[in-house]
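# Structural overview
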Amino acid sequence: MSGENIQGRIVSMLDVLSNSEQKIGEVILNDPEKVIEMTAAELSKYAGTSPATVIRFCKKIDVPSFTQLKIRLSAEIEVPVYEGYSDITANESVNEIKTKLLGNAYQSMQETVALLNEQRIETVVDLLVAAPIIYVFGIGASYLVAENIAQKWNRIGKTVVCVQDSHVLVTMLVSAPKDAIFFCVSHSGETKEILRLLNVAKKHQLKTIGLSQFGNNTLTNQAEYSLQTVRSNEAVLRSAATTSLHDQFIVVDVLFYAYASRNFNRTIEMIQESKAEVRKYEK
């Protein structure tokens, strides 16, 4: 899969891997060419771990097997893709800032798109099509993503409710109709208020979708359906979560256009009709 950037993914995951898994990751990053020639047993011995650790490591970075890991590393070595993320420094020119931000955005979105499971997207689209109503929620920067979801789907005739008051949302979730969806957004996957609302939604039989960063987090584990963005090594100066927002927005876009293409003519009709009404309203 082009643009997958396995080495970049390993770097982003190092801090959440076990000590023995980190050893595997560090060996791969230090000498990927050598690792390609190894068996799982040879790699584990070289790293001072066990063959089972190699298998666990592959699963943690969402690669099905060590053989697949070697294939993807081999492709990456032939056409290097890992460049890292650049932070803004003091007294930089506007041109340097533009170049860095564009590079960061391109790399993170490219990796996020490569990470998306196509069958999972199709499954989530099925749920959205069938849902009588969708409730979306996010806090802080993630609220912008939730609001974007609401604006997109409401525009093509799907009822989507996005509220900032979690207490109001609780009352809505309790009385939600059958097949309703709770779609929650949390970059970390550990936002306490999101997880409390997720539990309320599950208790009242809503279907749940979580959008978070790649890796093992509570939202991914507890939501019925999980969508993930790449774990970028966001710089210290996060610029209001710039990179993670780009990633979340592109996941929403992929989901929206997959949904829209299912009923293309009707979608175009609804968009044109809404544009016409807005123009009339503004006169």
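What you see is a predicted model, and the numbers here were worked out from it, not measured in a lab.

Turning our attention to the overall build of the protein chain. Within the protein chain, the secondary structure is distributed over 14 helices and five strands. Its C-alpha atoms give the protein chain principal-axis dimensions of about 65 × 50 × 35 Å. The buried share of the protein chain, taken over its 283 residues, is 46%. Restricting the contact set of the protein chain to residue pairs at least 6 apart, pairs at least 24 apart contribute 69%. With the model as given, the accessible surface of the protein chain reaches about 14700 Å², and the carbon-plus-sulfur share is 53%. Measuring between centres, the 29 positive side-chain charges of the protein chain sit 6 Å from its 32 negative side-chain charges.

To summarise the sheet geometry, strands pair through backbone hydrogen bonds and adopt either a parallel or an antiparallel arrangement. Pairing is parallel in the open sheet, where five strands are placed in the order β2-β1-β3-β4-β5. Pairing within the sheet leaves two strands with one partner each, and these edge strands are β2 (160-162) and β5 (225-229). Averaged over all neighbouring strand pairs, the angle between strand axes comes to 20 degrees, with direction disregarded. The pairing of strand β4 (residues 207-213) with β5 spans five bridges and is parallel.

Before going further, it helps to examine the nonpolar core. Core analysis: the largest hydrophobic core is formed by 30 residues, its most contacted members being Leu128, Trp153, Phe183, Leu227 and Leu255. Taken together, the elements giving at least two residues each to this core come down to α8 (118-130), β1 (134-138), α9 (141-155), β3 (181-185), β4, β5 and α13 (242-262). The greatest single-element share of this core, amounting to six residues, is contributed by α13. Not counting residues within four places of it along the chain, the set of residues in contact with Leu128 comprises Ile134, Trp153, Lys158, Ile181, Ile209, Leu255 and Tyr259.

So, about the pairing of β1. Of all five residues in β1, five are buried; the element is thus mostly enclosed. Along β1, one buried face is formed by Ile134, Val136 and Gly138 and the opposite face, lined by Tyr135 and Phe137, is buried too. Relative to β2, β1 runs parallel, the two being bridged by three bridges. Counterpart to Tyr135 in the pairing with β2 is Val161. Following the chain from β1 across α9 to the adjacent parallel β2, one finds a crossover that is right-handed.

On to the packing of α8 against α13. Helix-helix packing: each pair is described by the crossing angle between the helix axes and the interaxial distance. Look at α8 against α13: their axes get within 10 Å of each other, and the N-to-C directions meet at 60 degrees. When the axis of α8 is compared with that of α13, the two are oblique. In this structure, α8 meets α13 at a crossing whose hand is right-handed. Each of Ile121, Glu122, Val124, Val125, Asp126, Leu128 and Val129 in α8 lies in contact with α13, whose residues at this interface are Val254, Leu255, Ala258, Tyr259 and Arg262. Residues belonging to the contact of α8 with α13 are distributed by class as follows: nine nonpolar, no polar and three charged.

Glancing now at the UniProt feature "transmembrane region" (unreviewed entry) in the protein chain. When the UniProt feature table is mapped to this numbering, "transmembrane region" (unreviewed entry) covers residues 127-146. Taken end to end, residues 127-146 is 50% helix and 25% strand, and its two terminal C-alpha atoms sit 17 Å from one another.

This next bit is on the pattern of salt bridges. Applying the stated criterion to the full structure yields seven salt bridges. Of the charged contacts, one joins Lys207 and Asp179 as a salt bridge, the two residues approaching to 3.9 Å between their closest N and O atoms. Here Asp179 lies in the loop between α10 (166-174) and β3 and Lys207 lies in strand β4, a separation of 28 residues in the sequence. On the basis of relative accessible area, Asp179 is assigned to the partly exposed category, the value being 26%. One connected set of salt bridges, linked through shared partners, spans Glu21, Arg56 and Lys60.

Scanning the model with the defined rule gives three aromatic pairs in all. Ring geometry for Trp153 and Phe256: centres 5.2 Å apart, planes at 85 degrees, overall edge-to-face. Of this pair, Trp153 sits in helix α9 while Phe256 sits in helix α13, and the two are 103 residues apart along the sequence. Accessibility assignment for this pair places Trp153 and Phe256 in one class, buried. Taking 5.4 Å as the distance between ring centres and 75 degrees as the angle between the ring planes, the aromatic pair formed by Phe256 and Tyr257 counts as edge-to-face. According to the relative accessible area criterion, Tyr257 is exposed, its value standing at 53%. Across the ring face of Phe214, the terminal group of Arg9 is positioned such that the distance to the ring centre comes to 5.3 Å.

Thresholds applied
- Residues numbered from 1 in each chain as written.
- Predicted model: local features only at pLDDT ≥ 70, side-chain atom pairs only at ≥ 80, totals over all residues.
- Heavy atoms only, no water.
- Helix = DSSP H or I, 4+ residues; strand = E, 2+ residues; numbered from the N terminus.
- Buried < 20%, exposed > 50% of the residue type's maximum accessible area, 1.4 Å probe, protein only.
- Contact = heavy atoms within 4.5 Å.
- Areas by Shrake-Rupley, 256 points an atom, 1.4 Å probe, with all protein chains shown as cover.
- Lys, Arg positive; Asp, Glu negative; His and termini not counted.
- Charge placed at Lys NZ, Arg CZ, Asp CG, Glu CD.
- Pairing = 2+ DSSP bridges.
- Axes fitted to C-alpha atoms, helices over the stretch in contact; angles between N-to-C directions.
- Core = buried A, V, L, I, M, F, W, Y, C linked by side-chain atoms within 4.5 Å.
- Right-handed = clockwise from strand over helix to strand, strands pointing away.
- Parallel < 35°, antiparallel > 145°, perpendicular 65-115°, else oblique.
- Left-handed = near helix turned anticlockwise from the far one by under 90°.
- Nonpolar A, V, L, I, M, F, W, Y, C, P; charged D, E, K, R; others polar.
- UniProt positions renumbered as here; feature names shortened; annotations may be inferred.
- Salt bridge = Lys/Arg side-chain N within 4 Å of Asp/Glu carboxyl O.
- Phe/Tyr/Trp six-rings, centres within 6.5 Å; stacked < 30°, edge-to-face > 60°.
- Lys NZ or Arg CZ within 6 Å of the ring centre and 35° of its normal.

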